[in-house]
Amino acid sequence: MRLKTSLLKEPKHKELVSCVGWTTADELYSCSDDHQIMKWNLLTSETTRVVKLPDDIYPIDLHWFPRSIGGKKQSHAESFVLTSSDGKFHLISKLGRVEKSVEAHCGAVLAGRWNYEGTALVTVGEDGQVKIWSKNGMLRSTLAQQGTPVYSVAWGPDSEKVLYTSGKHLIIKPLQPNAKILQWKAHDGLILKTDWNSVNDLILSAGEDCKYKVWDSYGRLLYSSQPHEYPITSVAWAVDGELFAVGSFHTLRLCDKTGVHNVINDAVDVLEFRDRVIKASLNYGHLVVSTSLQCYVFSTKNWNTPLIFDLKEGTVSLILQAERHFLLVDGGGLYLYSYEGRLISSPKFPGMRTDILNAQTLSLSNDTLAVKDKADEKVIYIFEALSGKPLGDGKPLSHKTEIVEIALDQKGLTSERKIAFIDKNRDLYITSVKRFGKEQKIVKIGTMVQTLAWNDTSNILCGIQDTRFTVWYYPNTVYVDKDLLPKTLHEKDASEFSKNPQIVHFVGNKVTIRRADGTLIHLNISPYPAILHEYVSSSKWEDAVRLCRFVEATATDEDQTMWACLAAMAVANKDMATAEIAYASIGEIDKVQYINSIKDLPSKESRMAHILLLSGNTQEAETLLLQTGLIYQAIQVNINLYNWDRALELAVKHKTHVDTVLAYRQKFLEDFGKKETNKRYLQYAEGLKVDWNKIKAKIEMEIAKERERAAASPAVRASVTVQQ
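Fair warning: this is a prediction, and the values are worked out from it, not measured in the lab.

Engineer: Talk me through the overall build of the protein; I want residue IDs and the actual numbers.
Structural biologist: Helix and strand counts for the protein stand at 14 helices and 48 strands. Overall, the C-alpha framework of the protein stretches about 110 × 60 × 45 Å when taken along its three principal axes. Contacts spanning at least 24 positions in sequence make up 43% of the contacts within the protein whose residues lie at least 6 apart. Taken as a whole, the protein presents about 34900 Å² of accessible surface, with 51% of it coming from carbon and sulfur.

Engineer: For empty space enclosed by the protein, give the residues involved together with the corresponding values.
Structural biologist: Scanning the entire structure with this criterion turns up two cavities of 30 Å³ or more. Reported here for the largest cavity is a volume of approximately 50 Å³. Residue lining of the largest cavity: Leu 311, Lys 312, Glu 313, Val 316, Leu 328, Asp 330, Tyr 335 and Tyr 337, and that is the complete set. Those elements giving two or more residues to the lining of the largest cavity turn out to be strand 31 (325-330) and strand 32 (333-338). Across the lining of the largest cavity, the residue classes tally to five nonpolar, no polar and three charged. Volume-wise, the second largest cavity comes out at about 40 Å³. Here the residues of the lining of the second largest cavity are counted per class, giving six nonpolar, one polar and four charged.

Engineer: Lay out the environment of Leu 625 with the relevant residues and their values.
Structural biologist: Position of Leu 625 among the secondary structure elements: in helix 8 (residues 618-627). Separated by 15 residues in sequence, Leu 625 and His 610 place their C-alpha atoms 9.9 Å apart. Look past the residues within four positions of Leu 625 in its chain and what remains in contact with it is Glu 605, Ser 606, Ala 609, Leu 630, Gln 633, Ala 634 and Val 637.

Engineer: Before we move on, could you go through the sheet that holds strand 35 (residues 368-372) and cite the residues and values that matter?
Structural biologist: As summarised here, the arrangement of the four strands in space is 34-35-36-37, forming an open sheet in which the pairing is antiparallel. Two strands lie at the open edges of the sheet, namely strand 34 (362-364) and strand 37 (397-398), each paired on one side alone. Judged from the two bridges that link them, strand 36 (residues 379-384) and strand 37 form a sheet pairing that is antiparallel. Looking at strand 37, one finds that Ile 380 is bridged to Leu 397.

Engineer: Residues and numbers for the environment of Pro 157, please.
Structural biologist: Note that Pro 157 resides in the loop between strand 15 (153-155) and strand 16 (161-166). With a relative accessible area of 6%, Pro 157 lands in the buried category. C-alpha separation for the pair Pro 157 and Ile 356, spaced 199 residues apart in sequence, amounts to 8.2 Å. Discounting residues that sit within four places of it in the chain, Pro 157 has contacts with Tyr 116, Trp 196, Asn 197, Ser 198, Asp 201, Arg 353 and Lys 374.

Engineer: Can you tell me about the layout of surface pockets, naming the residues and giving the values?
Structural biologist: Within this model, the second largest pocket holds a volume of roughly 1700 Å³. If you trace the second largest pocket, you find 46 residues lining it, with Asn 200, Asp 201, Ser 217, Val 404 and Arg 426 closest to the centre. Within the residue set of the lining of the second largest pocket, elements represented by two or more residues are strand 17 (169-174), strand 22 (221-224) and strand 38 (403-408). Sorting elements by how many residues they give to the lining of the second largest pocket places strand 38 first, with three residues. Per-class residue counts for the lining of the second largest pocket are 17 nonpolar, ten polar and 19 charged.

Engineer: Describe the sheet that holds strand 39 (residues 418-423), and please don't skip the residues or the numbers.
Structural biologist: What the four strands build is an open sheet, ordered 38-39-40-41; its pairing is antiparallel. The two strands at the open ends of the sheet, each matched to only one other strand, are strand 38 and strand 41 (443-446). Here the average twist between neighbouring strands, direction ignored, is 30°. Pairing of strand 39 with strand 40 (residues 428-432) involves five bridges; the strand directions are antiparallel. Paired with Phe 421 across the two strands is Tyr 429, which belongs to strand 40.

Conventions and cut-offs
- Residues numbered from 1 in each chain as written.
- Predicted model: local features only at pLDDT ≥ 70, side-chain atom pairs only at ≥ 80, totals over all residues.
- Heavy atoms only, no water.
- Helix = DSSP H or I, 4+ residues; strand = E, 2+ residues; numbered from the N terminus.
- Contact = heavy atoms within 4.5 Å.
- Areas by Shrake-Rupley, 256 points an atom, 1.4 Å probe, with all protein chains shown as cover.
- 1 Å grid on protein atoms, 1.4 Å probe; cavity = no way out; pocket = protein on both sides within 12 Å on 5 of 7 lines; lining within 4 Å.
- Points joined across faces, edges and corners; volume = space filled by probe spheres on them.
- Nonpolar A, V, L, I, M, F, W, Y, C, P; charged D, E, K, R; others polar.
- Pairing = 2+ DSSP bridges.
- Buried < 20%, exposed > 50% of the residue type's maximum accessible area, 1.4 Å probe, protein only.
- Axes fitted to C-alpha atoms, helices over the stretch in contact; angles between N-to-C directions.

Don't take any of this as a statement about function, it's just geometry.
What follows is the structure in structure tokens.
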């Protein structure tokens, strides 16, 4: 990727150009010491003078009011703030009318920035003050006051913090009084410019030490450039946070967020576009390209005849692709299109801000769209892709801690769709998106996770946690048999990726990782787990067993992993014969014995309940038994698990087998040489003599009744998926 530059033979400004600002992807305003404000149109190459300012106004900084919040256009959206050397800032309309001039600082106003909601303006000046103003230019507060000029300022992504320069230091100060201030030495010379991106939460700084640097929001250095020949005088992020520009004397550089200067790829086919290319994405056999006016959809099988349709806005900030459709994100909203160019849906939620969405906070699969909320970062909104309506009961997914990255799995049934996410503590969680209406089971499967990605063809998850590259070959194991989860993982040392690596792609059995210095590293993982997923999804259990035996025969490190994955997959799909083989192959003899005991149970409902118990789903197992009238079996499940209070509660509520519960409780205490102290058990044991012969007869009668009922329902019995 390179910058395309052009220089007019006759300059439009007569003096130094001090500041510029984009209104759209194709329209730019510039201000100069010649007191003129010019408008540049990149589509028509026209340049027009908007207004000539009074001779005593020398512009220093320009910033446009936010265009839209939550898809709604703001009343001030057609205006900008201009700071000047006379200590004033000026609110100016798009047509050039000066709406208001405000005395702001002693000496020049060196920078002014609107916050992301358009509710406040921050200015800094030569007098060392940082001031907060209302959108109408009324002073709200003086946030900071120091003895040296403040050359640059930026808002934090949540508009609750302000970043400003102080000599060689950068300072982050919250708006709340008495809140903790973060300050660090950033350069060896005076810092001239800084910028803070709302999408990736990264900070840029540039200084007289001739370097530019990238920081995270905690002040940790992520990248430092080599010293240039001249001081770096300007830096600015692209809105989507993927690229930034660096300016110095006779130098302009375009860098990606890791600080890399240039990425050049050889191309076999040259694709020509009428307008400037804004965004492009290549995946699932299609190349989607957004220009300033249109969207082009190419099939990789035919580059000659793209499908073309007009865009509502020309400022596409993100393209996400799934196998069946793709998503365009612009300043106005989210738009889901088929690869034939048909608009499928346009999901919305209250207060939605599309300007801060990126690939980490937005995820798309064939049937589902997930969006992290910016207003409440503990919340994820889940939508049906085809209708654009909220999934289930409409309630979003809520977590206990702020979420930083989300990802939907790509394959399988809609009812089994899973979402993985990393929270602020860098813990990795997984949950089903379809479990709305009851409490969602959100389960932690990893710690210190920096980045993650789902495979494009099977539901295999990979991530980098701490110093290890980890692959979860079957993440659903945590819902089936969580004790098996460690055996379904593949891990390798990740120290070669250095700090802050990012997973770029996980396609087939190849993982692409970008290191902090921009280097791309390709890793190959075993192809066998993906083949196993394919066999299981097609119910080819015999083929799955043969594959695991083949891997075992090749004496690779993956044999135990494959058997563990197959065991979990078989239990999840209720194929207990395959589960028995797989558990036996990894030495889980207790599980094999339990599966054999399940086979001997008299009814489908009992077998289903005990399969749920094997998966650790005690509550679901009890509910199933109670709903089908198998009261004794529900009581016995709780006795077996030593849930004594619940066992007695069920017996008393249903007026059956109270003596059975008391008998087992008494035997349990005798085995451990203890006396009864539970008041409820003491109450029901008064005057009751335990008769084991009577209890055994009642139990045998319950089992006989269950067998009779199962025998009387041949249709039900024939539909049992548990193989015997």
